[in-house]
Amino acid sequence: MLMSASTNTNTVPAIQMAILQSNLRSGERYGLRHALVRIGRGVIEPQDIPLPPDDVHASREHARLIYEDSAWYLEDQSRNGTLVNGQLLRRNRTQLKTGDRIKIGDTFDVTFRYLGDTTQSDDSIDTMPRGVFTSNPNEAPATQIGLWISPSAAVWRDGERLPVFLSRTEYRLLKHLLQHQGDVCEYESVIHAVWGETRDKDSLHELIYRVRRKIEPNPSAPRYLVIRSGIGVVLFPQGIKGD
């Protein structure tokens, strides 16, 4: 277990809050208020920091930020490692201090600071984006009805952001189907769009079932992502009425 038994993730006063300040996008910050914050392409908890699905050098769960024994630690979980102040950290952890620079993949470059070492107030940390990586801080759905997938792979349904984040293959599936919305896409064309190589239909069906669990109100009675048996797959962004 990574956290000590005395760590209480729900007790904010017990945690010395910190921020990650982006070195790539002005004004983008992440407030750290929980004792465990994960960073990666496949993380989905509200306190986590998702990375873009097309960042091929970032892992699904690339690193963890852990508050333990009155200090913040960075723990690498990845195949490619994490850069901390230019030094490669791989499958190990290091204690963080104000001013440390953290780089993950091609899209995540931040500076760590304890809140007490910044000019930010306790109240202002609530306005910082936490758990949503966006290339545009003002990212919002283009429609208030049905599904909308953002460029950062966030999912919106009927104008509300769902507490999920798409993996790279899940994003490719929905992006391809959105380009042909309402039309049945043959299995082979979908497989090629997602993987770029031959795969069996079972792999596609497994992917579809994973996506349904993320986007459908009731995955067992899908309204948006529908399989036409023996033919292919179709996406209805506005949804279809149940029987």
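Residues numbered from 1 in each chain as written. Predicted model: local features only at pLDDT ≥ 70, side-chain atom pairs only at ≥ 80, totals over all residues. Heavy atoms only, no water.

### Section: unusual backbone geometry
One non-glycine residue, Ser 70, lies in the positive phi region at around 65°. Checked against the element boundaries, Ser 70 lands in the loop between strand S5 (63–68) and strand S6 (71–76). In this structure, Arg 91 is a non-glycine residue whose phi angle is positive, near 55°. Assessed through its relative accessible area of 59%, Arg 91 is described here as exposed. (Helix = DSSP H or I, 4+ residues; strand = E, 2+ residues; numbered from the N terminus. Buried < 20%, exposed > 50% of the residue type's maximum accessible area, 1.4 Å probe, protein only.)

### Digging into the sheet that holds strand S10 (residues 101–104)
A sheet is described by the order of its strands in space; here six strands give the open sequence S2-S1-S11-S10-S7-S8, paired in antiparallel fashion. At either margin of the open sheet sits one strand with a lone partner, and together these are strand S2 (29–32) and strand S8 (87–89). Each strand axis lies, on average, 30° off the axis of its neighbour in the sheet, ignoring direction. Both strand S7 (residues 82–84) and S8 contribute to a ladder of three bridges, which runs antiparallel. Bridge pairing links Val 84 to Gln 87 in S8. (Pairing = 2+ DSSP bridges. Axes fitted to C-alpha atoms, helices over the stretch in contact; angles between N-to-C directions.)

### A look at the sheet that holds S5
Strand order in the open sheet formed by five strands is S4-S3-S5-S6-S9, with mixed pairing between adjacent strands. Among the strands making up the open sheet, the edge pair consists of strand S4 (49–50) and strand S9 (93–95).

### What about the packing of helix H1 (residues 168–179) against helix H2 (residues 187–195)?
Between H1 and H2, whose axes approach to 8 Å, the crossing angle comes to 130°. Put simply, H1 runs oblique to H2. Once H1 is placed against H2, the crossing between them reads as right-handed. Here H1 contributes Thr 169, Arg 172, Leu 173, His 176 and Leu 177 to the contact with H2, which in turn contributes Ser 189, Val 190, Ala 193, Val 194 and Trp 195. (Parallel < 35°, antiparallel > 145°, perpendicular 65-115°, else oblique. Left-handed = near helix turned anticlockwise from the far one by under 90°. Contact = heavy atoms within 4.5 Å.)

### Here we look at the environment of Leu 96
Secondary-structure assignment places Leu 96 in the loop between S9 and S10. Taking the relative accessible area as the measure of exposure, Leu 96 reaches 3% and is therefore buried. For the pair Leu 96 and Trp 72, spaced 24 residues apart in sequence, the C-alpha to C-alpha distance is 5.7 Å. Setting aside chain neighbours within four positions, we find Leu 96 in contact with Leu 65, Trp 72, Tyr 73, Leu 74, Ile 102, Phe 112 and Tyr 114.

### So, the pattern of salt bridges
Think of it this way: side chains of opposite charge can pair up when their charged atoms draw near. Applying the stated criterion to the full structure yields eleven salt bridges. Arg 64 is the salt-bridge partner of Glu 61, the closest N and O atoms lying 2.5 Å from each other. A salt bridge links Arg 101 to Asp 109; its shortest N-O distance comes to 2.6 Å. On the basis of relative accessibility, which here comes to 38%, the residue Arg 101 falls in the partly exposed class. Take Asp 109: its relative accessible area is 5%, and that puts it in the buried class. Through salt bridges with shared partners, a single ionic network connects Arg 38, Asp 48, Glu 61 and Arg 64. (Salt bridge = Lys/Arg side-chain N within 4 Å of Asp/Glu carboxyl O.)

### Describing helix H3 (residues 201–215)
Here H3 contains 15 residues, and its C-alpha end-to-end distance of 21 Å stays within 8% of the 21 Å for a straight helix at 1.5 Å per residue. Within H3 the residues assigned to the buried category are Leu 204, His 205, Leu 207, Ile 208, Val 211, Arg 212, Lys 214 and Ile 215. (Expected span 1.5 Å × (residues − 1).)

### Considerations on H1
With twelve residues, H1 ought to run about 16 Å at 1.5 Å a step, and its terminal C-alpha atoms sit 17 Å apart, in line with that. Three or more residues of H1 are buried, namely Thr 169, Glu 170, Tyr 171, Leu 173, Leu 174, His 176 and Leu 177.

### What to know about the packing of aromatic side chains
For the coordinates displayed, the defined rule picks out four aromatic pairs. With 5.9 Å between their ring centres and 55° between their planes, Tyr 30 and Phe 108 make a pair best called tilted. With Tyr 30 in strand S2 and Phe 108 in strand S11 (residues 108–114), the pair connects residues that are 78 residues apart, well separated along the chain. (Phe/Tyr/Trp six-rings, centres within 6.5 Å; stacked < 30°, edge-to-face > 60°.)

Just geometry here; none of it tells us what the structure is for.
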